[in-house]
Structures are given as C-alpha cells and as structure tokens.
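# Inside the fold
One letter stands for each residue in the lines below.
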Amino acid sequence: MSRIAYFGPRGTFTEQATRALTDGDELVPAETIHAALAAVRKGEADGACVPVENSVEGAVTATLDGLAEDEPPLVAVAEALLPVHFTVVTGSGGGPIRTVASHPHALAQVREWLLVNLPEARPTAASSTAAAAVGVVEGQFDAAVVAPVAVEHYSLDVLATGVADVADARTRFVLVRPPGELPEPTGHDRTSIVAAAANRTGTLARLLAELASRGINLTRLDARPIKGNFGHYRFFVDFEGHVSEPRIGDALAGLRRQCAEVRFLGSHARADGVAATIDSGAGNDVFTGATDWVDAIRRGELA
Ligand SMILES: O=C(O)C(=O)Cc1ccccc1
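As annotated in an unreviewed UniProt entry, the protein is Prephenate dehydratase from Amycolatopsis antarctica. Per UniProt, the protein carries the Catalytic activity (unreviewed entry) text "prephenate + H(+) = 3-phenylpyruvate + CO2 + H2O". Recorded in UniProt under Pathway (unreviewed entry), the annotation for the protein is "Amino-acid biosynthesis; L-phenylalanine biosynthesis; phenylpyruvate from prephenate: step 1/1."

Next comes the structure, spelled out in structure tokens:
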C-alpha cells in the first residue's frame, strides 16, 4: 500500500480526484499544494495528487511552479479529469451572509452566480474549498463554495448544489511520483515538459518547431515567470504522445539541444482517452525507418 499525499484538507476536489486515481492506498491530506509535493520530496509520501489546470481559470500556478522549480524533480504518472460543479454551504446558525469563502479558482467559476444569488456577500479567498468549509464551521465565514463531497465531512447547511457559471467546467489533476518506472504507452498519452529558453529572437518559435516539424500536436502551452529574473519565462508544454515513442524521443532530444534547461514532467494516459493525431509522414515507423537507414549507411551497407 502506498501513501499518497493530496491537496486537502479532507473534502477537496483534489481528494475526489485522488480517490479516482488510487486503489486502497493511504490518503494523506496536505494543507497546500507545496506541502503535498514536499511530502513526496521528503520521502514522507510515495506520491501526491494536485490540480494542474481547469477549463475556466487555466493553470494552477502553485502546481506549475512547484513542479518546475523545486528539487528533486517529480514526474506525473496519471491524470484525472473532474467535472466541477459546486455546492454552496452556510453555517447552521442562519443570519445574513456577508462573506463567502473558497479557493480563488472556485470563486472565479461562480462569480456570476454569486452576483445574482448572494450580491451582499464579499468573496474571500481560502487556501482550498475544504478550508473554506472548515472556516464556515468555525464561524470565520458565513458561506463557502465547496466540492459536493465536503458536506459528507463537515456539518453544514446546503444552500445550492450544481452551481457553475460554465456548465461543463473541468479540472485536470495529476498524480506525481519520484522518477522511476514510466507508465506503459497506451496510444492516448500526454507528455509534459517545462523548458527555460534563452531570451533571444525566435527562441519560442524554435522550441515549438521541434514539435511541429515532427507532427506532434500540442495540448497546452503556459508561461510562468522565472522569479528573480524579470522578463524571463519558463514554458510549460504538453503534447500528444509518450516518451517511449521514437518521434517523441526525437523531439525531446531536439528540445534538449535548444534549451538551457528542460525538465521532463511525465508521459501518461490522457484521462479523456483522446488518441494522438499522427500526421502521415510523422509516424513512429517513419522515425525508426530513418534511424535504421542511417545505421545501415554507417555499417557500409547502403548509400
Ligand atoms: O480547493 C479544492 O477543492 C481543490 O481541490 C482545488 C480546486 C478548486 C476549484 C476547482 C477545482 C479544484
């Protein structure tokens, strides 16, 4: 049985995702994304589950920075995609609702609902949706925007369920571990890297060209500032395919040549099961065939 840390406390969306990604493991809540990742880095947990992006607010920056900056590196081995509908809860005392707390990503996803339904309530950031629930129980906030599972953990009154400004909002979570055996390729994989490219003309274009020229489809591109070096960025690039495939390995080697710093963040199955689109002329057989051809020339068998 593994110990898996997750962004908690109990009752977060991340706990829900962790349950979907694990089977009989011991789940250990951590107060922050940084603490969940640090638990793995310190050897206190075998893996950690953290949110990485959502379809309304985009990147979860604490996760991106934690994966890019801190040592030692961790590698994503699985992902989960959760539909995100919120439950709005209040304390049991009744009374006016003047504050409504939640994780900033949750507040951003119910902004319009709050304006219409709780116009007098001041949105207040909490470290997670479940921390906001705890804050309501403790009388710190009047209401909270939480995950549906939170009401199973905390004694709260439900004001509304199924709340979401954008009907099919989703959040993607990853399970990360120390580098080790990689998941098997499935044909519907995602590979993630983070690269710091020199601040020169065309650097980003050249970085992306390493993928485009090999017919590799991007699934995400994000930039984060390199702290302490204003105007310099790291690029997070997700693309279709698995590092075990010749075409992906070839692209990674190209990226390594282009960039001062590249970190491999994982190759694993996509939760949505979407198969990689491979242009004709960019299949693995083409890459293997080309390498075999060069090898044959080197052996003096071909010209
Ligand atoms: O705070 C939580 O419950 C989380 O797991 C982070 C989050 C916040 C909002 C939407 C999805 C995930």
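Text resumes after the structure shown.
Looking only at helices and strands, the protein has ten helices and 15 strands in total. Seen through its C-alpha atoms, the protein measures out along the principal axes to roughly 85 × 45 × 35 Å. Considering the protein as a whole, with its 303 residues, one finds that 48% of them fall into the buried category. For the protein, long-range pairs separated by at least 24 residues make up 75% of all intrachain contacts whose partners lie at least 6 apart in sequence. Only carbon and sulfur atoms are counted for the fraction: they give 52% of the accessible area of the protein, which is about 14,300 Å². Computed over 26 positive and 38 negative side-chain charges, the separation of the two mean positions in the protein equals 6 Å.

A few words now on the site of the ligand. Lining the immediate environment of the ligand, one finds Phe7, Thr12, Phe13, Thr14, His103, Ala106, Gln109, Ser128, Thr129 and Thr171. In this structure, an oxygen atom belonging to the ligand sits 2.5 Å away from a side-chain N or O atom of Thr14. The site holding the ligand turns out to be the largest cavity. Of the residues in the shell around the ligand, the class split is three nonpolar, seven polar and no charged. A domain split of the shell around the ligand shows at least three residues from each of domain 1 (1-83 + 169-180) and domain 2 (86-163).

Next up on the list: the UniProt feature "domain: Prephenate dehydratase" (unreviewed entry) in the protein. UniProt's entry tags residues 3-178 with the feature "domain: Prephenate dehydratase" (unreviewed entry), counted in the numbering of this structure. End-to-end, the C-alpha atoms of residues 3-178 are 13 Å apart, and along that stretch the chain is 30% helix and 35% strand.

Let's shift gears to empty space enclosed by the protein. Gaps between atoms show up when a probe of the same size as a water molecule is rolled over them. Scanning the entire structure with this criterion turns up two cavities of 30 Å³ or more. Its volume calculated, the largest cavity comes out at about 190 Å³. Lining the largest cavity are 17 residues; nearest its centre among them are Phe13, Pro51, His103, His105 and Thr129. For the lining of the largest cavity, the elements supplying multiple residues, two or more each, are helix H1 (13-21), strand S3 (47-54), helix H4 (104-109) and strand S11 (170-177). Top element by residues in the lining of the largest cavity is H4. It accounts for three residues. A breakdown of the residues in the lining of the largest cavity according to their chemical character gives eight nonpolar, nine polar and no charged. Counting the residues that make up the lining of the largest cavity, at least three belong to each of domain 1 (1-83 + 169-180) and domain 2 (86-163). Approximately 110 Å³ is the volume found for the second largest cavity. Around the second largest cavity, the lining residues are Val52, Leu64, Leu67, Ala76, Arg172, Val174, Ser192, Ile193, Arg220, Phe236, Asp238 and Leu265.

A few words on helix H2 (residues 33-41). In terms of burial, H2 is largely enclosed, as seven of its nine residues are buried. Taken as a whole, H2 has its buried residues at Ile33, Ala36, Leu37, Ala38, Ala39, Val40 and Arg41. Buried residues along H2 sit in contact with strand S1 (3-7), strand S2 (26-30), S3, helix H3 (61-69), S11 and strand S15 (261-269).

Where interface size is quoted, it is often the accessible area lost as the parts come together. The domain boundaries assigned to the protein delineate domain 1 (1-83 + 169-180), domain 2 (86-163) and domain 3 (182-279). In this structure, domain 2 and domain 3 have C-alpha centres spaced 38 Å apart.

This next bit is on the nonpolar core. Ranked by internal contacts, the top residues of the largest apolar core, which has 29 residues, are Phe86 and Trp113. The element best represented in this core is strand S5 (residues 75-83), accounting for four residues. Two domains each provide a minimum of three residues to this core, namely domain 1 (1-83 + 169-180) and domain 2 (86-163). In this view, Trp113 contacts Val88, Leu118, Ala160, Val163 and Asp165; residues no more than four positions away in its chain are not counted. Among the nonpolar cores identified, the runner-up in size contains 24 residues, and Phe7, Ala30, Ala36 and Val176 belong to it.

Cut-offs used in this document
- Residues numbered from 1 in each chain as written.
- Predicted model: local features only at pLDDT ≥ 70, side-chain atom pairs only at ≥ 80, totals over all residues.
- Heavy atoms only, no water.
- UniProt positions renumbered as here; feature names shortened; annotations may be inferred.
- Helix = DSSP H or I, 4+ residues; strand = E, 2+ residues; numbered from the N terminus.
- Buried < 20%, exposed > 50% of the residue type's maximum accessible area, 1.4 Å probe, protein only.
- Contact = heavy atoms within 4.5 Å.
- Areas by Shrake-Rupley, 256 points an atom, 1.4 Å probe, with all protein chains shown as cover.
- Lys, Arg positive; Asp, Glu negative; His and termini not counted.
- Charge placed at Lys NZ, Arg CZ, Asp CG, Glu CD.
- Near = heavy atom within 4 Å.
- Polar contact = N/O pair within 3.5 Å; in protein donor to acceptor, adjacent residues only side chain to side chain.
- 1 Å grid on protein atoms, 1.4 Å probe; cavity = no way out; pocket = protein on both sides within 12 Å on 5 of 7 lines; lining within 4 Å.
- Sits in = over half its atoms within 2 Å of the grid points.
- Nonpolar A, V, L, I, M, F, W, Y, C, P; charged D, E, K, R; others polar.
- Domains from an automatic or database assignment.
- Points joined across faces, edges and corners; volume = space filled by probe spheres on them.
- Core = buried A, V, L, I, M, F, W, Y, C linked by side-chain atoms within 4.5 Å.

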